[in-house]
Amino acid sequence: MKVWIDQSRCLNSRQCEETAPRVFSIADDGLAYVRQNDRLLDQPGGETCQANVPDEDQDAVDTAAYECPGQCIHVIEQP
């Protein structure tokens, strides 16, 4: 599974960071970004910054995407 965030739709609810803190973080600009290996993927953000989701975080990422008020979290299932 991979995940990315469309920052243009982010409402800064912080819900994603609370649900899956190892995968999502709020940056200094107040928007959510994905994390990979403790590295914030914020340059440039968006679809070009997709993170691989560890198996143990996949349920939390699915929950965060479903509950996101801005519907800006995009999950990509991989075979």
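The rules behind these values
Residues numbered from 1 in each chain as written. Predicted model: local features only at pLDDT ≥ 70, side-chain atom pairs only at ≥ 80, totals over all residues. Heavy atoms only, no water. UniProt positions renumbered as here; feature names shortened; annotations may be inferred. Pairing = 2+ DSSP bridges. Helix = DSSP H or I, 4+ residues; strand = E, 2+ residues; numbered from the N terminus.

The name given to the protein in an unreviewed UniProt entry is 4Fe-4S ferredoxin, with Streptomyces antioxidans as the source organism. Under the heading Cofactor (unreviewed entry), UniProt records this for the protein: "[3Fe-4S] cluster".

Engineer: I tried to follow the sheet that holds strand E2 (residues 24-26) on my own but got confused; where do I start?
Structural biologist: By definition, the strands of a sheet pair up through backbone hydrogen bonds, in either a parallel or an antiparallel sense. Pairing is antiparallel across the open sheet formed by three strands, whose spatial order is E2-E3-E4. Two strands bound the open sheet, and with one partner strand each, they are E2 and strand E4 (39-40). In this sheet, strand E3 (residues 32-36) lies alongside E2 in antiparallel orientation, the contact comprising three bridges. Bridge assignment links Ser25 to a residue of E3, and that residue is Tyr33.

Engineer: Help me understand the sheet that holds strand E5 (residues 51-52) in this model?
Structural biologist: Ordered by their spatial adjacency, three strands build an open sheet running E5-E1-E6, and the pairing between neighbours is antiparallel. In this open sheet, the two strands that pair with only one neighbour each are E5 and strand E6 (73-76). In the sheet, strand E1 (residues 2-5) pairs with E5 via two bridges, with the strands oriented antiparallel. Bridging across to E5, Val3 finds its partner in Ala51.

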